Amino acid sequence: MIDIVTVVFEPELSVLQAQAHSIDLYCQDIGIKNIYVIVNDANSVASQIDPAWWGSLQHLVTILPRRVFSAELVHNGWVSQQVLKILGAATSYNTWCMALDAKTLFVKLLKLVDVMDSQGRPCTGKLEIYPVFESSRTKVSKLFEVDVTTQLGPGGVPFFFNTQMTRAMIVDIEHRTSQAFPAWFQQQGSVTEFILYSGYLESKHMMD
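K.L.:
Help me understand the overall build of the chain in this model?
P.N.:
Looking only at helices and strands, the chain has 7 helices and 7 strands in total. Its helices and strands in sequence order give the chain the pattern β-α-β-β-α-β-α-β-α-β-β-α-α-α, from N to C terminus. Within the span of the chain, comprising 208 residues, buried residues form 53% of the whole. For the chain, contacts bridging at least 24 residues in sequence account for 79% of all contacts bridging at least 6. Surface exposure of the chain reaches about 9,900 Å², of which carbon and sulfur atoms provide 53%.

This is how it looks when you write it as structure tokens:
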């Protein structure tokens with residue numbers, strides 16, 4: 001089973017509605033168990049989201065205002081959006097969680113064999129880290145004491161987090177930094193969620 005986590009700002013509600021329709025239309029065959037919609041905006045925005053947008057999957061939808069994570073979030077929406085994807089994945093207790101942005105739309109039928117191999121692993125591959133993310137690469141390499149040169153594909157969304165590894169990563173980072181994970185992450189500014197997760201797996205020799 002796969003959970004979905006999508007993070008949304010208020011100006012994106014109309015495109016979130018389109019995403020919801022596309023998930024109902026094209027993602028019925030990937031074994032969705034839960035759909036978490038995290039509001040990266042004023043808590044009141046949560047009331048503007050209607051689970052009925054997801055059609056036949058509406059019973060799977062949980063809408064979460066960001067206050068539920070008990071984290072002081074920065075005003076830089078790009079940074080807080082990333083930490084909320086990680087926290088959302090850590091909330092899931094299915095094996096895999098697919099992270100989306102609100103503007104991620106599905107345009108054709110998605111089957112489980114398209115995203116998971118015969119051993120139940122995401123079909124993501126790896127790619128080199130682009131120079132624009134050198135600061136993130138450097139910080140993550142220093143944090144985990146490993147030379148991070150690649151990250152899991154596709155380098156953006158949809159991105160698959162292993163939920164158990166995500167929770168373990170948060171515990172590891174809190175131990176290394178002596179800070180609550182959301183506070184530490186948002187202080188970095190330039191660390192991306194996907195390079196961080198990839199660096200953690202690299203440190204555990206799980207990127208081969």
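K.L.:
Help me understand the nonpolar core, please; the structure alone is not making it clear to me.
P.N.:
Side chains of nonpolar character tend, in soluble globular proteins, to be buried together. Ranked by internal contacts, the top residues of the largest apolar core, which has 69 residues, are Ile-23, Ile-35, Trp-54, Phe-181 and Leu-196. No other element matches helix α2 (residues 77-91), which puts 7 residues into this core. With sequence-adjacent residues up to four places away left out, Trp-54 is seen in contact with Leu-16, Ala-20, Ile-23, Asp-24, Ile-35, Val-37, Ile-49 and Val-61.

K.L.:
Please clarify how helix α5 (residues 163-177) should be interpreted in this entry.
P.N.:
Every α-helix winds through 3.6 residues per turn, so residues three or four apart in the chain are directed the same way. The terminal C-alpha atoms of α5 lie 21 Å apart, and with 15 residues this matches the ideal 21 Å at 1.5 Å per residue to within 8%. Every buried residue belonging to α5 is among Thr-163, Met-165, Thr-166, Met-169, Ile-170, Asp-172, Ile-173 and Thr-177, and all of these are buried. Among the residues of α5, the N-terminal cap falls to Asn-162, whose side-chain oxygen and the backbone nitrogen of Gln-164 are separated by 3.2 Å. Just downstream of α5 lies Ser-178, where phi reads positive at about 55 degrees.

K.L.:
Help me understand the sheet that holds strand β2 (residues 32-39), please; the structure alone is not making it clear to me.
P.N.:
What links the strands of a sheet is backbone hydrogen bonding, and the strands pair in either a parallel or an antiparallel sense. The 5 strands lie next to each other as β3-β2-β1-β4-β7, forming an open sheet whose pairing is mixed. With one partner strand each, in any of the chains shown, β3 (61-65) and β7 (159-162) form the two edges of the open sheet. Ignoring which end each strand starts from, the neighbouring axes of this sheet average 25 degrees apart. Bridging between strand β4 (residues 96-101) and β7 involves 4 bridges; their strand directions are antiparallel. What sits directly across from Cys-97, in β7, is Phe-161. Seen against the sheet, α5 touches β4 and β7 and runs at an angle of roughly 70 degrees to β7. Here helix α7 (residues 193-203) sits on the sheet and contacts β4 and β7; the angle it forms with β7, its principal contact strand, is near 40 degrees.

K.L.:
What is the right way to look at the pattern of salt bridges in this model?
P.N.:
Oppositely charged side chains are able to pair whenever their charged atoms sit close together. Enumeration over the complete set of coordinates arrives at 9 salt bridges. For Asp-101, the salt bridge goes to Lys-103, with nearest N and O atoms at 3.7 Å. A residue is classified by how much of its surface remains accessible, and Asp-101, at 10% relative accessible area, is buried. The exposure class assigned to Lys-103 is exposed, which follows from its relative accessible area of 54%.

K.L.:
Looking at this structure, I do not really get the packing of aromatic side chains. What am I missing?
P.N.:
The geometry of an aromatic ring pair is captured by the separation of the ring centres together with the interplanar angle, meaning the angle of the planes. The tally for this structure, following the rule as stated, stands at 10 aromatic pairs. Relative to Tyr-197, the ring of Phe-159 has its centre 5.8 Å away and its plane inclined at 85 degrees; by these criteria the two rings are edge-to-face. Here Phe-159 is found in strand β7, whereas its partner Tyr-197 is found in helix α7, with 38 residues between them in sequence. Per residue, the accessibility class of Phe-159 equals that of Tyr-197, and both read buried. One aromatic cluster is present, formed by Phe-159, Phe-161, Phe-194 and Tyr-197 through successive ring pairs.

K.L.:
Explanation requested: unusual backbone geometry in the structure shown.
P.N.:
Excluding glycine, residues mostly carry a negative phi; peptide bonds, for their part, are mostly trans. The omega torsion across Gly-153 and Pro-154 is 5 degrees, close enough to zero to call that bond cis. Along the chain, the position of Pro-154 falls in the loop between β6 (150-152) and β7. A cis geometry characterises the amide bond from Val-157 onward to Pro-158, with omega recorded as -5 degrees. Structurally, Pro-158 can be placed in the loop between β6 and β7. Its identity as a non-glycine residue notwithstanding, Glu-145 has a phi of 55 degrees, on the positive side. Position of Glu-145 relative to the elements: it lies in the loop between α4 (134-144) and β6.

Here is what the cut-offs are and how they apply
Residues numbered from 1 in each chain as written. Predicted model: local features only at pLDDT ≥ 70, side-chain atom pairs only at ≥ 80, totals over all residues. Heavy atoms only, no water. Helix = DSSP H or I, 4+ residues; strand = E, 2+ residues; numbered from the N terminus. Buried < 20%, exposed > 50% of the residue type's maximum accessible area, 1.4 Å probe, protein only. Contact = heavy atoms within 4.5 Å. Areas by Shrake-Rupley, 256 points an atom, 1.4 Å probe, with all protein chains shown as cover. Core = buried A, V, L, I, M, F, W, Y, C linked by side-chain atoms within 4.5 Å. Expected span 1.5 Å × (residues − 1). Polar contact = N/O pair within 3.5 Å; in protein donor to acceptor, adjacent residues only side chain to side chain. Pairing = 2+ DSSP bridges. Axes fitted to C-alpha atoms, helices over the stretch in contact; angles between N-to-C directions. Salt bridge = Lys/Arg side-chain N within 4 Å of Asp/Glu carboxyl O. Phe/Tyr/Trp six-rings, centres within 6.5 Å; stacked < 30°, edge-to-face > 60°.

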